Amino acid sequence: MSTDSSASGEQPVETTDPGSVDADGAPFLQQPDDGSGHLELAAELRRLRGLVAGSTFEDVHDAVATVRELSDHLEKVGTRVNPFTYETWGVPEHIGANPAIGSRNPISPPLEPVVFPDGTVRVELTLGIEYQGPPGCVHGGIVALLFDEMLGLANAAAGSVGMTADLRVTYKSPTPLLQPLRIEARQIRTEGRKIWTEATLHTGDTLCARTEGLFIEPRGIRDEDRDKPIEG
Ligand SMILES: CCCCCCCCCCCCCCCC(=O)SCCNC(=O)CCNC(=O)[C@H](O)C(C)(C)COP(=O)(O)OP(=O)(O)OC[C@H]1O[C@@H](n2cnc3c(N)ncnc32)[C@H](O)[C@@H]1OP(=O)(O)O
């Protein structure tokens, strides 16, 4: 959990941080740092995002000018990239921009998955106020986003890739903000191009939500890319 009191001047503002990597699992789809400072920039913007969503201010017009200047600067020095093509599933550049797992995307928590020998993919994380739905609780749409991603990762861990065709989420008890959360996902079975995958979200021993997803392997990917190593 990262805290910062400089912006509000009063209460430390708690923002989102991914949890620690479980020692028993292997890091999965690690995203390389190209040394450009891009990942640090994304991390700082994540902190900023938590501060903006989770603070009140008397007057922040100076901050508006500063951030506008930063945006103008990044627009000048950056090379814009286009959305990726369908064939690029899983390459690091594709994963880095993802809104749930992407280390380069300030919207993402981001997730830092670990994979276990039985194919289970787990993340541990704590979500801050910028993900609030009901008071004190994580927004249900965010839970669905995280589930969708985790199911996709479990599929990747099993060597398959699929488009979400059906995603059912059962919300059993509120998912708390600012408490450690644990999501575990595993592919259950496949039949032709159809893939069934499940996941749960717990805080401590409490089941907050569970999901079942049906994924369909895109036509064309299977034959050409089945043996392609996962690069992310
Ligand atoms: C190896 C490389 C690893 C790479 C490592 C990557 C790691 C990186 C991880 C990133 C993880 C991202 C995870 C986010 C995942 C999204 O966000 S995906 C985006 C959201 N989903 C979409 O936009 C999907 C939109 N829908 C579609 O594109 C198409 O409907 C689909 C799903 C591709 C299916 O279309 P289709 O291929 O034409 O399928 P079709 O032939 O009609 O049906 C095939 C079978 O599926 C059944 N089916 C199809 N849809 C449904 C449905 N909704 N309900 C029930 N059955 C259905 C059909 O009945 C049929 O069954 P059978 O007759 O064979 O028994």
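Source: prediction; values computed, not measured. (Residues numbered from 1 in each chain as written. Predicted model: local features only at pLDDT ≥ 70, side-chain atom pairs only at ≥ 80, totals over all residues.)

1. Focus: the environment of Ala 144
Locating Ala 144 in the fold gives a position in helix 4 (residues 140-157). Residues Ala 144 and Glu 191, spaced 47 residues apart in sequence, show a C-alpha to C-alpha distance of 24 Å. Not counting the four nearest positions on each side in its chain, Ala 144 is found in contact with Leu 167 and Val 169. (Helix = DSSP H or I, 4+ residues; strand = E, 2+ residues; numbered from the N terminus. Contact = placed C-beta atoms within 7 Å.)

2. Let's talk about the nonpolar core
In terms of nonpolar packing, the biggest core is built from 29 residues, with Val 121, Met 150, Leu 153, Ala 154, Ile 183 and Ala 185 touching the most fellow members. Here this core gets nine residues from one element, more than from any other, and that element is helix 4. Setting aside residues no more than four positions away along its own chain, Leu 153 makes contact with Phe 28, Leu 29, Pro 113, Val 121 and Ala 185. (Core = buried A, V, L, I, M, F, W, Y, C linked by C-beta atoms within 7 Å. Buried ≥ 20, exposed ≤ 12 C-beta atoms within 10 Å, placed from the backbone.)

3. Notes on the UniProt feature "domain: Thioesterase" (unreviewed entry) in the chain
UniProt feature "domain: Thioesterase" (unreviewed entry): in the numbering of this structure it lies at residues 136-206. Secondary structure across residues 136-206 divides into 25% helix and 44% strand, with the first and last C-alpha atoms of the span separated by 16 Å. (UniProt positions renumbered as here; feature names shortened; annotations may be inferred.)

4. Points about unusual backbone geometry
The residue after Pro 109, namely Pro 110, is reached through a cis peptide bond having omega -10°. Among the secondary structure elements, Pro 110 is positioned in the loop between helix 3 (92-96) and strand 5 (114-115). At Leu 29, a position not held by glycine, the phi torsion is positive, near 50°. Judged by the 19 C-beta atoms lying within 10 Å of it, Leu 29 falls in the partly exposed class.

5. Examining helix 2 (residues 61-77)
With 17 residues, helix 2 should reach 24 Å at 1.5 Å per residue; the first-to-last C-alpha distance of 25 Å fits that figure. Across the 17 residues that make up helix 2, only a small minority, zero, are buried. (Expected span 1.5 Å × (residues − 1).)

6. Comments concerning the environment of Pro 27
Structurally, the position occupied by Pro 27 is in strand 4 (residues 26-27). Overall, Pro 27 belongs to the exposed group, with 12 C-beta atoms counted inside 10 Å. Through-space distance from the C-alpha of Pro 27 to that of Phe 116 is 9.1 Å; in sequence the pair is 89 residues apart.

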